[in-house]
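# A look at the structure
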Amino acid sequence: MDTLAWKWVVAGGVLWLAASAHAQVPTQRLGDPGRWDYQNSCASCHGVAGRGDGPLVPFLVVRPSDLTLLAVRHGGVFPKERVAAMIDGRGTADIGTHGSREMPVWGSVYYDRVKNVGGSDEQAERAAQRRIDDLIDHLERMQRK
């Protein structure tokens, strides 16, 4: 095979791989959006397995929680409401948007993403709540027995 033909084969292979990788991302996100959000928004601090050992830990003032022990710390019951309030972060004084909280206020982030593309207040709030619920569902599945 001559050099030009090999170049076309390599170029075709690169395009096929790029298209294949691009096509997988939405499928993975739609299949388990809570897991997708966790991997893309939480794992950098809490770690891939949720044990508080993410790559950004050396740069944080407060070490992130081991998210796999939330149920264990609450008598074997996953504290959904408390976790939802912590993730959302918009409405509770002890974990409010200002002060010593290092964790992003994800409720505002999710809400603003919809508002910034022209969504209504209602659409933005529904989207924020859905993403928080999906993330909670993923965290509940991560719990150690």
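Notes on the structure follow. Each chain carries its own residue numbering, running from 1 in the direction its sequence is written. Totals for whole chains, interfaces and linings use all residues, but because this is a predicted model, local features are given only for residues with pLDDT of at least 70 and pairs of side-chain atoms are given and counted only at 80 or more. Hydrogens and waters are ignored; side-chain quantities use all the structure's heavy atoms.

The subject of this paragraph is the environment of Trp36. Counting from the N terminus, the helices are the DSSP runs of H or I reaching at least four residues and the strands are the DSSP runs of E reaching at least two. With respect to the helices, strands and loops of the structure, Trp36 is situated in helix H2 (residues 33-46). Partly exposed describes any residue whose relative accessible area lies between the buried limit of under 20% and the exposed limit of over 50%, with all areas from a 1.4 Å probe on protein chains only and scaled to the type maximum. Here Trp36 falls in the partly exposed class, since its relative accessible area comes to 21%. Here the alpha-carbon distance between Trp36 and His138, two residues 102 residues apart in the chain, equals 9.2 Å.

Examined against the element boundaries, Gly91 turns out to sit in the loop between helix H4 (80-88) and helix H5 (106-115). Separated by 14 residues in sequence, Gly91 and Val105 place their C-alpha atoms 10.0 Å apart.

When we look at burial in H4, the residues that qualify are Val83, Ala84, Ile87 and Asp88. Angularly, the buried residues of H4 cover 125° about the axis, an arc narrow enough to put them on a single face. Turned more than 90 degrees off the buried face of H4, the exposed positions are Glu81 and Arg82. Contacts between residues were defined by any pair of non-hydrogen atoms, one from each residue, lying within 4.5 Å. Contact partners of the buried residues in H4: helix H3 (70-73), H5 and helix H6 (121-141). Residue Gly89 follows H4 closely and has a positive phi angle near 70°. Directions pointing from the helix axis toward each C-beta atom define the arc.

So, about the nonpolar core. Nonpolar cores are built from buried Ala, Val, Leu, Ile, Met, Phe, Trp, Tyr and Cys residues. Side-chain atoms within 4.5 Å join them into one set. One finds Tyr38, Phe78, Val83, Ile87, Ile136 and Leu139 to be the most contacted residues of the largest nonpolar core, which totals 20 residues. Elements that contribute at least two residues to this core include exactly H2, H3, H4, H5 and H6. Among the elements that make up this core, the one with the highest residue count is H6 (six residues). When sequence neighbours within four positions are dropped, the list of residues in contact with Ile136 reads Phe78, Lys80, Val83, Ala84 and Ile87.

A few words on H5. Buried within H5 we find Trp106, Gly107, Tyr110 and Tyr111. Seen end-on, H5 carries its buried residues on one side only, within an arc spanning 130°. Here the buried face of H5 lies against H2, H4 and H6.

Moving on, we come to the side chain of His46. Tracing the backbone shows His46 in helix H2. The contacts of His46, once residues within four sequence positions are left out, are Tyr38, Arg51, Gly52, Asp53, Gly54, Pro64, Ser65, Leu67 and Met103.

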